[in-house]
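A look at the structure
Chain by chain, the residues run as shown.
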Amino acid sequence: MSDSTNSAPFPHYVDTRKVFSQKGIFGGELSKDKLPRLALMLADGNFKAEAKLVFSNDDRGRRLIEGWVRAQVSVACQRCLMPLELSIADDIRLALVSDEDKASKLDDDVEPWIEPEFKLDPVQIVEEQLLLSMPLAAYHEIEICGASQTQFDAPEASKAAAQDKSEPNAFAILKELKMSGSSD
Ligand SMILES: [Zn+2]
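Numbering of residues starts from 1 in every chain and runs along the sequence as written. Under the rules for a predicted model, residues below a pLDDT of 70 receive no local features and side-chain atom pairs below 80 are neither given nor counted, while totals for whole chains, interfaces and linings still include all residues. Calculated side-chain values reflect all of the structure's heavy atoms, with hydrogen atoms and water omitted.

Right, let's talk about the overall build of the chain for a bit. Looking only at helices and strands, the chain features 6 helices and 7 strands. Secondary structure elements follow DSSP: runs of H or I no shorter than four residues count as helices, runs of E no shorter than two count as strands, and numbering proceeds from the N terminus. Traced from its N-terminal end to its C-terminal end, the chain shows the element sequence β-β-α-β-β-β-α-β-β-α-α-α-α. Looking at the chain residue by residue over its 184 residues, the buried ones come to 38%. Note on definitions: a residue-residue contact is assigned when non-hydrogen atoms from the two residues lie within 4.5 Å. Taking the contacts inside the chain whose residues are at least 6 apart along the sequence as the reference set, 64% of them involve residues at least 24 apart. Working definition: with a 1.4 Å probe on protein chains only, accessible area under 20% of the residue-type maximum means buried, over 50% means exposed, and in between means partly exposed.

Shown next, in the form of structure tokens:
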């Protein structure tokens, strides 16, 4: 599963009563506007996100969603606040369940994805996995970081520079999202 060929483009939603037995395979590139929660974390700059999801039933009757996500994104360096490019990637191995109770009974070779309705938005799964792959804070290598040694020695100056940025700290938002996303 190293590329997104032989897959249909991501639909707005799939019907969970059919997609597993029909072995749905979806993949391709996703634009920033399809991933609004991820977009909140990002600075202007290069962006590319790609994913593949395969829906199947396993021999134990579990509804599996397997695949991968990968992306090149630009975030603000938490030292100098200038753009920093990151590559993120992760494998996906989820089992669809309808509630928390069923989720708690799953073996730990899979992560639960809880959806009580028949409608499932595959792009939401991709976005969640990308969010989980983002580092809590990212920094340039010290040699190329825009923050000079002078700034490190002068906390007042760097504090003033930080206040000039009216945007909320992207990584604080991510932390909040993660906490609100995990209700177990
Ligand atoms: Zn930097």
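Don't stop here, the text continues.
The subject of this paragraph is the coordination of the zinc ion. Angles at a metal have ideal values that depend on geometry: 109.5 degrees with four tetrahedral donors, 90 or 180 degrees with six octahedral donors. For the zinc ion, every protein donor is listed as Cys-77 (SG), Cys-80 (SG), His-140 (ND1) and Cys-145 (SG), and the spread of their distances is 2.1 to 2.3 Å. The rule for donors is simple: an N, O or S atom within 2.8 Å of the metal counts, and for Na, K and Ca the reach is 3.2 Å. Water is not among the atoms, so a site may look short of donors. Here the metal geometry follows the donor angles, with tetrahedral for four donors whose angles all fall between 85 and 135 degrees, square planar for four and octahedral for six when opposite donors are more than 155 degrees apart and every other angle is between 65 and 115, and irregular for all the rest. Taken together, the 4 donor atoms surrounding the zinc ion define angles of 98 to 127 degrees at the centre, an arrangement classified as tetrahedral. All donors of the zinc ion come from a single chain, and their spacing in sequence reads C-x2-C-x59-H-x4-C. Separated by 63 residues along the polypeptide, Cys-77 in the loop between β4 (63-76) and β5 (83-97) and His-140 in the loop between α3 (122-133) and α4 (149-153) bring together distant segments of the chain. Accessibility classification places Cys-77 together with His-140 in one group, the buried group.

Attention now goes to the packing of aromatic side chains. Stacked, edge-to-face and tilted are the three classes for Phe, Tyr and Trp ring pairs, Trp counted by its six-membered ring, which pair at centre distances within 6.5 Å; planes under 30 degrees apart are stacked, over 60 edge-to-face, the rest tilted. Tallied over the full model, the rule gives 2 aromatic pairs. Their ring planes at 70 degrees and their centres at 5.4 Å tell us that Phe-20 and Phe-55 sit as a pair that is edge-to-face. Taken together, the residues span a long stretch of sequence, with Phe-20 in the loop between β1 (14-15) and β2 (25-30) and Phe-55 in strand β3 (residues 48-57) at a distance of 35 residues. As far as the burial class goes, Phe-20 and Phe-55 line up, both buried. For the pair Phe-26 and Phe-55, a centre-to-centre distance of 5.8 Å together with 75 degrees between the ring planes defines the contact as edge-to-face. Of the two residues, Phe-26 is situated in strand β2 and Phe-55 in strand β3; the sequence distance between them amounts to 29 residues. Comparing Phe-26 with Phe-55, the two get one shared label, buried. Three or more aromatic residues joined by ring pairs form one cluster here, namely Phe-20, Phe-26 and Phe-55. Only Lys NZ and Arg CZ are tested; either one counts as a charge over a ring when it is within 6 Å of the ring centre and within 35 degrees of the ring normal. We note Arg-17 situated over the ring of Phe-118; from NZ or CZ to the ring centre the distance is 4.1 Å. Directly above the ring of Trp-68 sits Arg-70, whose terminal nitrogen or CZ lies 4.2 Å from the centroid.

Attention now goes to the sheet that holds strand β6 (residues 111-114). Reading across from one edge, β2-β3-β4-β5-β6 is the order of the 5 strands in this open sheet, with mixed pairing throughout. Both outer strands of the open sheet, β2 and β6, are each paired with one neighbouring strand and no more. For this sheet, the mean inter-axis angle between neighbouring strands, taken without regard to orientation, is 30 degrees. Here β3 pairs with β4 via 10 bridges, running antiparallel. Each residue of the ladder has a partner; that of Ala-49, found in β4, is Ala-71. Against the sheet, α3 touches β2, β3, β4, β5 and β6, its axis set at about 125 degrees to β5. Any two strands with at least two DSSP bridges between them are considered paired. For helices, the axis comes from a line fit to the C-alpha atoms of the stretch in contact; other axes are also lines fit to C-alpha atoms, and the angle between any two N-to-C directions lies between 0 and 180 degrees.

Further remarks concern the nonpolar core. What we call a nonpolar core is a set of buried Ala, Val, Leu, Ile, Met, Phe, Trp, Tyr and Cys residues that are connected through their side-chain atoms within 4.5 Å. Grouped together as the largest cluster of nonpolar side chains are 38 residues, with contacts concentrated most on Phe-55, Ile-65 and Leu-130. Among the elements that line this core, the one with the most residues is β5, at 6 residues. The residues contacting Phe-55, other than those within four sequence positions of it, are Val-14, Val-19, Phe-20, Lys-23, Gly-24, Phe-26, Leu-64, Ile-65, Leu-120 and Pro-122. Formed by 6 residues, the second largest nonpolar core is a distinct cluster that contains Ala-95, Val-97, Leu-106 and Val-110.

When a strand is regular, its side chains alternate between the sheet's two faces. As paired strands, β4 and β5 are joined by 13 bridges and run antiparallel to one another. Paired with Val-75 across the strands is Leu-84, a residue of β5. Here β4 hands over to β5 after 6 residues, with Leu-81 in that stretch at a positive phi of 65 degrees. In this structure, β5 lies alongside β6, joined through 4 bridges in parallel fashion. Within β6, the residue paired with Leu-94 across the bridge is Glu-111.

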